[in-house]
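Chain by chain, the residues:
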Amino acid sequence: MTSRFNKIEKQQLQVQTFQGGRPSSTPNCSSKVSEKYSCKATVYPRKMTTAPLRVVVTGAAGQIAYSLLYMIAKGDVFGPNQPIILHLLDIPPMMGVLEGVVMELADCALPLLHDVISTDEPSDAFRDVTAAFLVGAMPRKQGMERKDLLSANVKIFKVQGEALNKYAKKDVKVLVVGNPANTNALICAKYAPSIPKQNFTAMTRLDQNRAQAQIAERLGIPVSQVSNIIIWGNHSSTQFPDASHAVVEEHGQTTSVPEALQDAAWLNSVFVETVQKRGAAVINARKMSSAMSAAKAAADHMKDWFSGTIAGKFVSMGVISDGSYGAPKDVIFSFPVTIRGGKWQIVQDLEISDFARNLLDITGKELEEERQEALQIIEA
Ligand SMILES: NC(=O)c1ccc[n+]([C@@H]2O[C@H](COP(=O)([O-])OP(=O)(O)OC[C@H]3O[C@@H](n4cnc5c(N)ncnc54)[C@H](O)[C@@H]3O)[C@@H](O)[C@H]2O)c1
Ligand SMILES: O=C(O)C[C@H](O)C(=O)O
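Keep in mind that what you see is a predicted model, and the values were worked out from it rather than measured.

1. Quick look at the packing of helix α8 (residues 205-219) against helix α13 (residues 292-307)
Point 1. The N-to-C vectors of α8 and α13 enclose an angle of 105 degrees; their axes lie 8 Å apart at closest approach. For the element pair α8 / α13, the angle class is roughly perpendicular. Touching R205, L206 and N209 of α8 are S293, A294, K296, A297, D300, H301 and D304, all from α13.
Point 2. Looking at the contact of α8 with α13 residue by residue, the classes come out as three nonpolar, three polar and four charged.

This is the structure we're talking about:
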């Protein structure tokens, strides 16, 4: 456990005292499933002093959630000493499936899992949550682009923005996974005006992880030796995976990725296109969109947001644009960020080549177009 998790524990203790068993502020959830799964059946340390953190996962009966819930509940995201109350939201027809997921969570006998609230009511799902994984949305099928999902999905994020605004903690950290993630996050933030826009982010960590894996494979080294790859812009096929500032660490020596690879042609073509099209490649192979890797990326994103980035390292997140690097303002644009004390900051003053400039402009323009289309759908 790091000291950053200690800070979270202190904040939590100010608002909710853990009394053993069910915390006093647990909402009376209408879900039958939640009634069945009481913390009395859960085994956890006797002297637990840290108050549990309420975490909502939407689309909880779906593919991504099936991997993600386990990661959260076993401590991968909020630390090995942070008890969790999971709030699980899905739509009414999925309540039966969700019941099975809740049974499996109980059967995992995870010491950190204090309680599970499963529901189809946004008011119960979002009440008092400190972290929100917004996964619930339709996935694309073979041959579609992610923005083709706007008409099906964007209204979900209006409703959930409103619910977050009303019921969540004002410092809730929101990660939008459901596609098209950047524009859904923008709409979600718009309908939650009482929560700072900086608290709404979109997931491009899967693209970062994919890029890291491609570079490591090309160099024949472990992924852990590659860092500071940037994903610029939209989580779509216009994204720009940029390894020009990335580094390789081997035997205590740091080398830039372009220097280690000595293959600019590969970096500017095969590498970029492979990462841009990786989601579609997985769909073609699996006939379903990525789920295990998406869950891992969501866990990585939220873990870094809560616990911070390591000195000298940055990660990519879709965040509200302030116009840095000539990106359009007021879209959710993926930038390299560092994180301290739960707050992200865009890394400044990185050199942008003409090649990069062109790709940044393309992905920025797509985000402006998506914003316009989303607003038309919402306002129709
Ligand atoms: N940003 C990324 O990198 C990334 C990666 C992978 C997948 N995704 C996206 O994540 C989303 C979920 O993918 P999946 O594979 O888990 O899909 P899935 O179809 O397996 O699960 C989605 C779940 O969301 C539920 N849902 C639908 N509307 C809802 C609502 N209004 N409230 C709550 N739940 C709702 C569905 O009932 C379903 O259980 C898709 O949009 C997919 O494209 C994004
Ligand atoms: O490609 C998709 O539609 C799913 C997801 O966004 C991904 O990148 O794997």
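2. Focus: the UniProt feature "binding site: substrate" (unreviewed entry) in the chain
Point 1. UniProt's entry tags R140, R146, N179 and R210 with the feature "binding site: substrate" (unreviewed entry), counted in the numbering of this structure. Lining the largest pocket, from the residues just named, are R140, R146, N179 and R210.
Point 2. Relative to the elements of secondary structure, R140 occurs in the loop between β4 (131-134) and α6 (150-167).
Point 3. Judged by its relative accessible area of 11%, R140 is buried.
Point 4. Once you skip the residues sitting within four places of it in the chain, R140 turns out to touch E145, R146, L149, G279, A280 and I283.
Point 5. On the basis of relative accessibility, which here comes to 10%, the residue R210 falls in the buried class.
Point 6. For R210, the contacting residues outside a window of four places in its chain are R146, V275, R278, G279 and S290.

3. Topic: the packing of α6 against helix α14 (residues 354-379)
Point 1. For the pair α6 and α14, the least separation of the axes is 10 Å and the interaxial angle reads 70 degrees. Classified by the angle between their axes, α6 and α14 sit roughly perpendicular to one another. Touching L150, S151, V154, K155 and K158 of α6 are E370, E373, A374, I377 and I378, all from α14.

4. Points about the pairing of strand β1 (residues 53-58)
Point 1. When you tally the buried positions in β1, you get six out of six residues, the bulk of the element.
Point 2. As judged from the six bridges shared by β1 and strand β2 (residues 84-89), these two strands associate in the parallel manner. Looking across to β2, one finds that V56 is bridged to H87.
Point 3. The parallel pair β1 and β2 is bridged by helix α3 (residues 63-73), and the resulting crossover is right-handed.
Point 4. As paired strands, β1 and β4 are joined by three bridges and run parallel to one another. Looking at the pairing, V56 lines up with A132 of β4.

5. A word on the UniProt feature "binding site: NAD(+)" (unreviewed entry) in the chain
Point 1. When the UniProt feature table is mapped onto this chain numbering, "binding site: NAD(+)" (unreviewed entry) sits at D90, N153, V177, G178 and N179. From the list above, the largest pocket is lined by D90, V177, G178 and N179.
Point 2. Turning to its location among the elements, D90 is positioned in the loop between β2 and α4 (95-107).
Point 3. Those residues in contact with D90 that sit more than four places away from it in its chain are G59, A60, A61, G62, M95, L98, T119 and D120.
Point 4. A polar atom in the side chain of D90 sits 3.0 Å from the backbone nitrogen of A61.
Point 5. Within the secondary structure, G178 sits in the loop between β5 (173-176) and α7 (181-190).
Point 6. For G178, a relative accessible area of 5% corresponds to the buried category.
Point 7. Setting aside residues no more than four positions away along its own chain, G178 makes contact with L134, V135, A137, F157 and N184.

6. Concerning unusual backbone geometry
Only a minority of non-glycine residues have a phi that is not negative, and only a minority of peptide bonds are not trans.
Point 1. Of note, the bond from N179 into P180 is cis; its omega dihedral lies within 30 degrees of zero at -5 degrees.
Point 2. Note that P180 resides in the loop between β5 and α7.
Point 3. Within the chain, D349 stands out as a residue other than glycine whose phi angle is a positive 65 degrees.
Point 4. Considering the arrangement of structural elements, one finds D349 in the loop between β14 (343-346) and α14.
Point 5. Here D349 falls in the exposed class, since its relative accessible area comes to 75%.

Basis of the calculations
Residues numbered from 1 in each chain as written. Chains lettered and ligands numbered in written order. Predicted model: local features only at pLDDT ≥ 70, side-chain atom pairs only at ≥ 80, totals over all residues. Heavy atoms only, no water. Axes fitted to C-alpha atoms, helices over the stretch in contact; angles between N-to-C directions. Helix = DSSP H or I, 4+ residues; strand = E, 2+ residues; numbered from the N terminus. Parallel < 35°, antiparallel > 145°, perpendicular 65-115°, else oblique. Contact = heavy atoms within 4.5 Å. Nonpolar A, V, L, I, M, F, W, Y, C, P; charged D, E, K, R; others polar. UniProt positions renumbered as here; feature names shortened; annotations may be inferred. 1 Å grid on protein atoms, 1.4 Å probe; cavity = no way out; pocket = protein on both sides within 12 Å on 5 of 7 lines; lining within 4 Å. Buried < 20%, exposed > 50% of the residue type's maximum accessible area, 1.4 Å probe, protein only. Pairing = 2+ DSSP bridges. Right-handed = clockwise from strand over helix to strand, strands pointing away. Polar contact = N/O pair within 3.5 Å; in protein donor to acceptor, adjacent residues only side chain to side chain.

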